[in-house]
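Residue-level structural notes
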Amino acid sequence: MTVQIGQHSPVDRISVDPELGRLFLPASMDEPDVVDISYHYGMCADVGGGDYSRAEGFAQGFVAATNHCRGRGDSTRAGHHSIGRCGGKYRYRMSSPEPLAIAVDVDQTLSLRSADGHRAYINLDGDDMTVIGGEEAEVVIDGLTLYGGRLVLPDTGDNALRRLVLRNVTLVPGIHLSMDGEPQQPTTPSLVIEIPNVTVEIERSILGAIHCVEGASVTIKDSMIDATSRTNVAFSALDEVTHGGALTLCETTVIGKVAAKSFPLISNALLDAALGEVDDWDAPVWAQQRQTGCARYSYIPPHSRVPRQHHCQPQFASAKAIEEAELRNPTLSNAERAHIVRGARARLVPAFTALRYGNAAYGQVLLAAPEEIRRGADSGSEMGMYHHLYQPQREDALKFRLDEFLPIGLDLGLIYVT
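Cut-offs applied
- Residues numbered from 1 in each chain as written.
- Predicted model: local features only at pLDDT ≥ 70, side-chain atom pairs only at ≥ 80, totals over all residues.
- Heavy atoms only, no water.
- Helix = DSSP H or I, 4+ residues; strand = E, 2+ residues; numbered from the N terminus.
- Buried < 20%, exposed > 50% of the residue type's maximum accessible area, 1.4 Å probe, protein only.
- Contact = heavy atoms within 4.5 Å.
- Areas by Shrake-Rupley, 256 points an atom, 1.4 Å probe, with all protein chains shown as cover.
- Pairing = 2+ DSSP bridges.
- Core = buried A, V, L, I, M, F, W, Y, C linked by side-chain atoms within 4.5 Å.
- Disulfide = S-S within 2.5 Å.
- Polar contact = N/O pair within 3.5 Å; in protein donor to acceptor, adjacent residues only side chain to side chain.

Further remarks concern the overall build of the protein chain. For the protein chain, the helix and strand inventory stands at four helices and 31 strands. Among the 418 residues that make up the protein chain, the fraction classed as buried is 48%. A sequence separation of at least 24 residues applies to 58% of the contacts in the protein chain between residues at least 6 apart. Counting only carbon and sulfur atoms, one obtains 50% of the accessible surface of the protein chain, whose full area is about 20800 Å².

We now examine the pairing of strand β24 (residues 246-250). Most of β24 sits inside the fold, with five of its five residues counted as buried. Here β24 shows a buried face lined by A246, T248 and C250 and a second buried face lined by L247 and L249. Both strand β21 (residues 217-221) and β24 contribute to a ladder of five bridges, which runs parallel. Among the inter-strand pairings, T219 is bridged to a residue of β24, identified as T248. With two bridges joining them, β24 and strand β27 (residues 266-267) adopt parallel strand pairing. Each residue of the ladder has a partner; that of L249, found in β27, is I266.

Turning to unusual backbone geometry, a few remarks are in order. Residue P314 follows Q313 across a cis peptide bond; omega there is 0 degrees. Here P314 lies in the loop between β31 (309-310) and α1 (315-328). Phi at N168 takes a positive value of approximately 55 degrees, unusual for a residue other than glycine. Looking at the secondary structure, you find N168 in the loop between β15 (163-167) and β16 (170-171). When its relative accessible area of 9% is taken as the criterion, N168 is described as buried.

On to the environment of D12, then. Relative to the assigned elements, D12 resides in the loop between β1 (2-5) and β2 (15-17). When its relative accessible area of 56% is taken as the criterion, D12 is described as exposed.

A separate point is the nonpolar core. With 56 residues, the main nonpolar core has L153, L166, L191, I193 and I210 as its most contacted residues. What I210 contacts, discounting residues up to four positions off in sequence, is L191, I193, I202, I220, I225, A234, F235 and S236. V172, L270, F352 and L389 belong to the second largest nonpolar core, which has 20 residues in total.

With that out of the way, let us pick up the state of the cysteines. Taken as a whole, this structure holds zero disulfides when the rule is applied. Residue C294 stays outside any disulfide, its sulfur separated by 8.3 Å from that of C312, the closest cysteine. Under the relative-accessibility criterion, C294 is labelled partly exposed at 27%.

Tracing the backbone shows A101 in strand β8 (residues 101-104). Residue classification places A101 among the buried positions, given a relative accessible area of 18%. Put simply, A101 and L151 are 50 residues apart on the chain and 9.7 Å apart in space, counted from C-alpha to C-alpha.

Checked against the element boundaries, R167 lands in strand β15. A polar atom in the side chain of R167 sits 3.2 Å from the side chain of E203. Leaving out residues up to four positions away in the same chain, R167 has contacts with G57, V140, I141, D142, G143, E203 and S205.

With respect to the helices, strands and loops of the structure, K257 is situated in strand β26 (residues 257-262). A distance of 3.4 Å separates a polar side-chain atom of K257 from the backbone oxygen of T231. With near-sequence residues (within four places) excluded, K257 lies in contact with R230, T231, N232, V233, A234, F235, A273, A274, L275, D279, W281 and P284.

This is how it looks when you write it as structure tokens:
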């Protein structure tokens with residue numbers, strides 16, 4: 001930020017230019033040596049690493065093992081029911097020669113979290129943060145924001161971690177952002193799962209792409225998986241071409257291509273993916289096993305290979321449009337059916353207010369988006385990560401109530417602040 005003292009600034013107050021990042025001090029004020037500024041981030045909902053309250057999701061009965069974040073080169077090893085806690089709104093930078101590593105003993109559980117109401121940033125500084133565990137070991141990471149490196153479950157030969165939980169976590173899409181918010185490594189995954197037989201649960205979090213071996217299982221709810229482009233790979237095996245593990249998506253937005261061994265469930269999700277001009281993939285979203293699982297009330301890109309779809313777009317809208325056309329013309333030709341399908345697919349395209357991490361409207365479905373997406377979930381809410389806000393229902397309820405008190409001759413108009 002630039003600090004300026006000028007003749008045209010107010011004589012009795014400090015002025016802020018939020019567009020150009022300038023701070024104007026009155027000409028009568030001496031230039032200070034240090035300027036302290038407090039600020040807040042905006043977001044549509046409590047998703048990802050944030051300083052909102054998360055105490056209700058904390059594991060109970062744990063004994064605190066440490067009250068600070070260990071530096072780079074330290075291996076945090078957990079005993080039974082232990083917690084590593086990062087307190088305050090601080091940035092932690094890994095500065096010793098070895099990368100940050102978490103090691104959990106057999107049958108033990110480690111919970112690494114920010115203190116309630118706080119957010120801790122951890123700069124991995126180009127290295128990977130690794131998680132290793134013995135048999136039946138579990139790790140819970142809550143409330144942290146990791147950037148500058150990947151979170152990796154490495155295949156060390158003896159890594160038998162059973163369960164990893166990421167709750168209210170941000171693994172910055174693109175690893176690191178430039179000053180203007182552009183991802184610096186747009187095709188680098190945020191989470192790499194190299195070991196089979198592990199269960200990964202992701203809740204209310206924001207992640208970049210995920211690379212996952214076939215034998216693992218990943219469940220994602222109320223979250224955003226952002227490969228920074230709809231033609232980049234959001235979920236796949238380690239080679240970015242073959243299928244990753246079993247993937248469950250509930251109330252989740254995915255930006256990028258997805259290849260999974262199976263989809264046990266896709267529900268109220270929004271998958272925005274497309275093939276590139278020159279692409280080794282056969283479909284933007286595809287499962288190796290399509291006989292099991294189902295997809296319901298979600299947006300699935302055309303030409304995807306997924307289990308049986310129920311009320312999914314644009315397939316459902318296309319079928320409905322053909323049915324209505326056949327009522328008017330029972331002799332509808334195949335060419336006419338294909339034309340109707342192309343029209344429905346062209347109209348039903350996801351649209352977002354913003355798709356860059358760091359923007360306050362990040363991942364929000366545009367108000368002008370098709371109603372089949374904006375109100376297409378099983379509850380009548382929008383598909384994707386903000387399903388739990390029930391924005392369309394809140395809008396309808398407000399209009400209904402205000403209409404009762406509106407004077408005759410006046411019309412109601414809503415102005416959306418966020």
